[in-house]
Amino acid sequence: MEISRDVLLDMYTRMVKIRKFEEKVAELFAQGKVLGFVHLYIGEEATAVGVCENLEDKDYITSTHRGHGHLIAKGGDLKYMMAELYGKETGYCKGKGGSMHIADATKGILGANGIVGGGFPIAAGAALSAKMRGTDQVTVCFFGDGASNQSTFHEALNIASIWKLPVVFVCENNLYGISMRQDKHQAIKDVADRAIGYGIPGVTVDGNDVLAVYEVAKEAINRARSGAGPTLVECKTYRYRGHFEGDPTIYRSKEEVEEWLAKDPILRLSKHILDNDVATEKELKDIEARIVEEVEEAVRFAEESPYPKEEAAVEDVYTDIVEEVRVR
């Protein structure tokens, strides 16, 4: 598949944007400016970008607790994301969601989710909605290898396959469910093998190769959009940092980490771009410099924004009726 210069540079830009945003978040977390649990996407950028490059604003995604990368790849605004991490009222969820619960309906981002496997039923429902309304919208459900052990995984794939729903299930297999290696919590080598039980295609791809992810995702998304039903795509990738910030990662060897660092997805794409004369090294450095400034602007925006007022705690709920709770 021939990939245009514009697409290659757009994917490079989005991948670097994810990396720089996450590195800044790690720095801010260490300074105590970003509170709560933070799960970074560093190392997995090729998966989110390779998939989302094939989507439009009208299409949907469901995300995970490690969702910053998905949101940026789908077009999320860094300012509103950073403000949400700071707990400020200018954040995507007015400071009420935090790192694990960012959403943006205008971009089709139906929400990150702190519940493992929580995105499956949401994705199936969004896909069913699109089918019932007769649109050509596609839903992508991102999840990890550990989430494929949850009952919601099997329930969602089952109903999606029966009704030929326009949904693509994307497993980001980073080899660990928190601190447990995949071979300790699953008897299978490839999560994609589970697709056969539901009569749908299952594809395993190098999740650190954005070009390979892009091609596989394009086929799966086009299949869903045409009405042919779901696909299970497994992207083999690796998170460079711990499961969460502060994780000592004593369950991984130094050799294993170094092996995966050598497969860095951004370095691989930049090498492809330079080797094929798609852009010059100066052009790539200029892109990186612009992104660094964009991230710094997002930090300034977040730090200058106000915190939510106390009364905001009871706003944006399903009802404005607040009943008195009596202790019996």
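For the structure itself, consult the block above.
Residues numbered from 1 in each chain as written. Predicted model: local features only at pLDDT ≥ 70, side-chain atom pairs only at ≥ 80, totals over all residues. Heavy atoms only, no water.

A separate point is the pattern of salt bridges. With the rule as written, the count across this model stands at 31 salt bridges. The residue Lys33 makes a salt bridge to Glu303 at a minimum N-O spacing of 3.3 Å. Taken together, the positions of Lys33 in the loop between helix H1 (5-30) and helix H2 (45-52) and Glu303 in helix H11 (residues 281-304) put the pair 270 residues apart, joining distant regions of the chain. One salt bridge in this structure joins Asp209 and Arg268, with 4.0 Å as the shortest N-O distance. Taken together, the residues span a long stretch of sequence, with Asp209 in the loop between strand E6 (202-206) and helix H8 (210-225) and Arg268 in helix H10 (residues 265-275) at a distance of 59 residues. On the basis of relative accessible area, Arg268 is assigned to the partly exposed category, the value being 31%. (Salt bridge = Lys/Arg side-chain N within 4 Å of Asp/Glu carboxyl O. Helix = DSSP H or I, 4+ residues; strand = E, 2+ residues; numbered from the N terminus. Buried < 20%, exposed > 50% of the residue type's maximum accessible area, 1.4 Å probe, protein only.)

Vacant regions in the atomic arrangement are exposed by a probe of water-molecule size rolled over the atoms. Volume-wise, the largest pocket comes out at about 380 Å³. What lines the largest pocket is a set of 25 residues, and nearest its centre among them are His65, Val116, Gly144, Gly146 and Ala147. Of all the elements in the fold, those that place two or more residues in the lining of the largest pocket are strand E2 (139-144) and strand E4 (176-177). Considering every element that reaches the lining of the largest pocket, the biggest residue donor is E2, with three residues. When its residues are assigned to classes, the lining of the largest pocket shows seven nonpolar, 13 polar and five charged. (1 Å grid on protein atoms, 1.4 Å probe; cavity = no way out; pocket = protein on both sides within 12 Å on 5 of 7 lines; lining within 4 Å. Points joined across faces, edges and corners; volume = space filled by probe spheres on them. Nonpolar A, V, L, I, M, F, W, Y, C, P; charged D, E, K, R; others polar.)

A word on the nonpolar core. Met11, Met82, Val140, Val168 and Leu269 are the most contacted members of the largest nonpolar core, which has 72 residues in total. Among residues more than four places away in sequence, those in contact with Met11 are Ile3, Val49, Gly50, Glu53, Val210, Leu211, Tyr214 and Leu269. Formed by 20 residues, the second largest nonpolar core is a distinct cluster that contains Ala124, Leu165, Val191 and Ala195. (Core = buried A, V, L, I, M, F, W, Y, C linked by side-chain atoms within 4.5 Å. Contact = heavy atoms within 4.5 Å.)

Attention now goes to the sheet that holds E6. As summarised here, the arrangement of the five strands in space is E1-E2-E3-E7-E6, forming an open sheet in which the pairing is parallel. The open sheet has two free edges, formed respectively by strand E1 (60-62) and E6, since each of these has just one partner strand. Within the sheet, the average angular offset between the axes of one strand and its neighbour, ignoring direction, is 20°. Bridge analysis of strand E3 (residues 167-173) against strand E7 (residues 231-236) gives six bridges, and the strand direction is parallel. Following the sheet pairing, Cys171 is matched in E7 by Glu234. (Pairing = 2+ DSSP bridges. Axes fitted to C-alpha atoms, helices over the stretch in contact; angles between N-to-C directions.)

Relative placement of two packed helices is described by the angle separating their axes and the distance separating the axes. Close contact between helix H4 (residues 78-85) and H11 brings their axes to 8 Å; oriented N to C, the two are set at 45°. The orientation of H4 relative to H11 falls into the category oblique. In this structure, H4 meets H11 at a crossing whose hand is right-handed. In this structure, H4 uses Leu78, Lys79, Tyr80, Met82 and Ala83 to contact H11, whose residues at the interface are Glu294, Val295, Ala298, Val299, Phe301 and Ala302. Residues of the contact of H4 with H11, tallied by class, amount to nine nonpolar, no polar and two charged. (Parallel < 35°, antiparallel > 145°, perpendicular 65-115°, else oblique. Left-handed = near helix turned anticlockwise from the far one by under 90°.)

This part takes up the pairing of E7. Within E7, six of the six residues are buried, leaving the element largely enclosed by the surrounding structure. Here E7 shows two buried faces, one formed by Thr231, Val233 and Cys235 and the other by Leu232, Glu234 and Lys236. Both E6 and E7 contribute to a ladder of five bridges, which runs parallel. Counterpart to Val205 in the pairing with E7 is Cys235.

Scanning the model with the defined rule gives nine aromatic pairs in all. Centre to centre, the rings of Tyr80 and Tyr92 are 5.6 Å apart; their planes meet at 75°, and the pair counts as edge-to-face. Highlighted residues: Tyr80 in helix H4 and Tyr92 in the loop between H4 and helix H5 (119-133), separated in sequence by twelve residues. Grouped by ring-pair contacts, the aromatic residues Phe120, Phe143, Phe153 and Phe169 constitute a single cluster. Sitting over the ring of Tyr80, Lys79 keeps its end group 5.2 Å from the ring centre. (Phe/Tyr/Trp six-rings, centres within 6.5 Å; stacked < 30°, edge-to-face > 60°. Lys NZ or Arg CZ within 6 Å of the ring centre and 35° of its normal.)

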